[in-house]
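Structural overview for review
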Amino acid sequence: LQVIHARLLDRRGKLPEATPQSQLQKSKSLSFRLQIPAGMGIFIVDTNVLYKNHNFCSYGLSKEPYAIVITSPVLRELDKLKMSKGGRDKSIAILNTINSFSKKITDVRMGTAICKEKIRLFVFVFEPEPSTYILGFDKGIEDDRLIMTARAFSEANPQNPLTIVSQDSNVLLKSRAIQLKAV
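Remember, it's a predicted structure, so these values are computed and weren't measured experimentally.

Counting residues in hydrophobic clusters, the biggest one holds 49 residues, and the most contacted among them are Ile44, Leu50, Phe56, Ile68, Ile70, Ile98 and Ile164. Ignoring sequence-local partners within four residues, the contact set of Phe56 consists of Leu50, Tyr66, Ile68, Ile70, Thr97, Ile98, Phe101, Ile114, Cys115, Ile119 and Leu121.

Let us now look at the sheet that holds strand β4 (residues 119–124). With mixed pairing, 6 strands are arranged side by side in an open sheet as β3-β4-β2-β1-β5-β6. Each edge of the open sheet is held by one strand with a lone partner, namely β3 (112–114) and β6 (181–182). In this sheet, strand β2 (residues 66–71) lies alongside strand β1 (residues 41–45) in parallel orientation, the contact comprising 4 bridges. Looking across to β2, one finds that Phe43 is bridged to Ile68. Packing against the sheet, helix α6 (residues 142–156) makes contact with β1, β2, β4 and β5 (162–165), and its axis sits at approximately 165° to β5.

Thresholds applied
Residues numbered from 1 in each chain as written. Predicted model: local features only at pLDDT ≥ 70, side-chain atom pairs only at ≥ 80, totals over all residues. Heavy atoms only, no water. Core = buried A, V, L, I, M, F, W, Y, C linked by side-chain atoms within 4.5 Å. Buried < 20%, exposed > 50% of the residue type's maximum accessible area, 1.4 Å probe, protein only. Contact = heavy atoms within 4.5 Å. Pairing = 2+ DSSP bridges. Helix = DSSP H or I, 4+ residues; strand = E, 2+ residues; numbered from the N terminus. Axes fitted to C-alpha atoms, helices over the stretch in contact; angles between N-to-C directions.

This is the structure in structure tokens:
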């Protein structure tokens, strides 16, 4: 995100006057564009799904190759859970699995191939600007941040069907309310 923003800045560190604010927002949304084939499904996985099973190869979300995206809100929740008594060991195991795969990622938009090349795993720390949130969504609520991040991916990758995978009723209902597929 900083690289894209820097490209928009001139040498004096100011936005070029010919560049409207909407152009800056558009460039930020490009941060969510993944380099995957058109038609490949994108699955945004919620923390509760990882908690139940973090063996990505056993998910079986699609018969065709697909992408799994681990978002910043999920990583933040896992970090919080590893501080709790009951969730420490499980959270650390999940984070270790994610870290072992993410070490292979050289370009965040390319992800890394796992599970015999069937799945591309992306670990994404960018989040959309709170000013782009839909009315009724709160940047202080992790579920809302997950949904708005998924929305940013959906808008940046219109050629790829996106699905939020969660066991949380609130996430499922809110996602569907804004026309995002959720299972």
